[in-house]
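Listed below are the residues making up each chain.
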Amino acid sequence: MFHVLFVSVTILFFSQTQCKPIEVTEDNWSDVLEGEWMLEFMAPWCPACRGFVETWDKFSDWSKDLDIKVGVVDVTENPGLLGRFLTASLPSIYHIKNGQFRQYKGGRKETELVSFVDDKKWEELDPIPWYFSPASVQMAALGQFFKAAMAVRDIYNMMTKEYGIPEWACYVIFAIATILLGLILGLLIVLCCDMMLPSKYVPNPKDKLQPRPPAEGVQKEDEDADGEESETDIIDDTKTTEKDGDAKPRRRRVKKAD
């Protein structure tokens, strides 16, 4: 009886000390920005990931001793995080310390993982640049593109498997949808630009205002005045003659041209 009780207490004690990796999703991923984390990216269909599960679970048991948190990300369920971290291979491991990200590229044994954290070997690695940081705006936008791509893939699988639509027909549908979406987005961009930066009207040179012609009565008076002036316009064509020592001017009347 005592032996059975001892075994039961021992099993209970060890089961309580075991720590499973924390499942990190797109909803709670911001938790990794605080404290120290070791985060693994994996996929259930990946053979290397399946072989690494036991090692990662054993490493997670050291989380309390190392004062860290150990997490795991299923990329099939969280494609947005796959885009944020721009993960190219699986499994991938990241060390995160107060919002600074470093990619672990060491060995995959339990002792090597523990030594990496306990001996602070992560300090020898350069942090990921700010423009590739998963917490940046541009990487968040890239994550949304990854989510959209996965959504399109799911729609494609549904069309081909559930509804039996041929593949070529699916490509045609996606092409038409892409063109229509591009036209709609282009129209929205043009409308937004017109509302924010309205264009100013520049009149055509031919449409510029011409001087307004004078009234008919005023024009007639001006013509009569010009006629009177034309009759009185005289050009002095003086020629001096030496006869009798007098200089007689010669004048001629000039008729104004019509």
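Procedures and definitions
- Residues numbered from 1 in each chain as written.
- Predicted model: local features only at pLDDT ≥ 70, side-chain atom pairs only at ≥ 80, totals over all residues.
- Heavy atoms only, no water.
- Salt bridge = Lys/Arg side-chain N within 4 Å of Asp/Glu carboxyl O.
- Buried < 20%, exposed > 50% of the residue type's maximum accessible area, 1.4 Å probe, protein only.
- Helix = DSSP H or I, 4+ residues; strand = E, 2+ residues; numbered from the N terminus.
- Expected span 1.5 Å × (residues − 1).
- Bend = angle between axes of the 7 residues up to and from the residue.
- Contact = heavy atoms within 4.5 Å.
- pLDDT = per-residue confidence, 0-100.
- Core = buried A, V, L, I, M, F, W, Y, C linked by side-chain atoms within 4.5 Å.
- Pairing = 2+ DSSP bridges.
- Axes fitted to C-alpha atoms, helices over the stretch in contact; angles between N-to-C directions.
- Phe/Tyr/Trp six-rings, centres within 6.5 Å; stacked < 30°, edge-to-face > 60°.
- Lys NZ or Arg CZ within 6 Å of the ring centre and 35° of its normal.

Novice: Can you explain the pattern of salt bridges? Please cite residues and give values.
Specialist: Taken as a whole and assessed by the stated rule, the structure comprises four salt bridges. Its salt-bridge partner being Asp 154, residue Arg 153 comes within 3.9 Å of it at the nearest N-O pair. For Arg 153, a relative accessible area of 45% puts it in the partly exposed group.

Novice: Now, about helix H2 (residues 47-60): what can you tell me, with residues and values included?
Specialist: Given a rise of 1.5 Å per residue, 14 residues ought to cover 20 Å, and the 20 Å separating the end C-alpha atoms of H2 matches this to within 8%. A maximum bend of about 40° is found in H2 at Val 53. Listed as buried for H2 are Cys 49, Phe 52, Trp 56, Phe 59 and Ser 60. Of the surrounding secondary structure, the elements contacted by the buried residues of H2 are strand E2 (36-42), helix H3 (63-66), strand E3 (69-74), strand E4 (92-97) and helix H5 (110-118).

Novice: Would you mind going over the confidence of the model for the protein chain in detail, with residue names and values included?
Specialist: Predicted confidence across the protein chain gives a mean pLDDT of 80, with 71% of residues reaching 70 or more. Confidence drops under a pLDDT of 50 for residues 1-16, and excluding neighbours within four residues, the segment shows zero contacts in the predicted structure. Considering only residues more than four positions removed or in separate chains, one finds that residues 229-234, a stretch of pLDDT under 50, has eight contacts.

Novice: Run through the nonpolar core, naming residues and quoting values.
Specialist: Judged by nonpolar contacts, the single largest core of 33 residues is most densely connected at Val 24, Met 38, Phe 41, Trp 56, Phe 59 and Leu 113. Of all elements in the fold, only E2, H2, E3, helix H4 (79-85), E4, strand E5 (100-104) and H5 reach the threshold of two or more residues within this core. The dominant element in this core, judged by the number of residues it contributes, is E2, at five residues. Non-local contacts of Trp 56, meaning those with residues more than four positions away in its chain, are made with Pro 21, Met 38, Leu 39, Glu 40, Val 70, Gly 71, Val 72, Ile 93 and Leu 113.

Novice: Go over the sheet that holds strand E1 (residues 22-23) with me, naming the residues and quoting the values.
Specialist: Taken together, the five strands give an open sheet; going across it, the order is E1-E3-E2-E4-E5, and neighbouring strands pair in mixed fashion. Where the open sheet ends on each side, the last strands, each with one partner, are E1 and E5. In terms of strand pairing, E4 meets E5 through five bridges, oriented antiparallel. The residue of E5 that forms the bridge with His 95 is Arg 102. Strands in contact with H2 are E2, E3 and E4; relative to E2, the strand with the most contacts, it is inclined by about 165°. Strands in contact with H5 are E2, E4 and E5; relative to E2, the strand with the most contacts, it is inclined by about 145°.

Novice: Which residues make up the packing of aromatic side chains, and what are the values?
Specialist: Tallying each qualifying case throughout the model produces eleven aromatic pairs. In textbook terms, an aromatic cluster arises when at least three aromatic residues are bridged by ring pairs, as seen for Trp 29, Phe 41, Phe 85, Tyr 94 and Phe 101. The ring of Phe 52 carries the charged tip of Arg 108 above its face, separated from the ring centre by 5.8 Å.

Novice: Explain the pairing of E4 residue by residue, including any values.
Specialist: For E4, a buried count of five out of six residues is recorded, marking the element as mostly surrounded by other parts of the structure. Two elements, E2 and E4, share six bridges in a ladder whose sense is antiparallel. Bridged to Met 38 within E4 is His 95. Between E4 and E5, which pair antiparallel and follow one another directly, the connecting turn spans two residues, one of which, Asn 98, has a positive phi of 50°.

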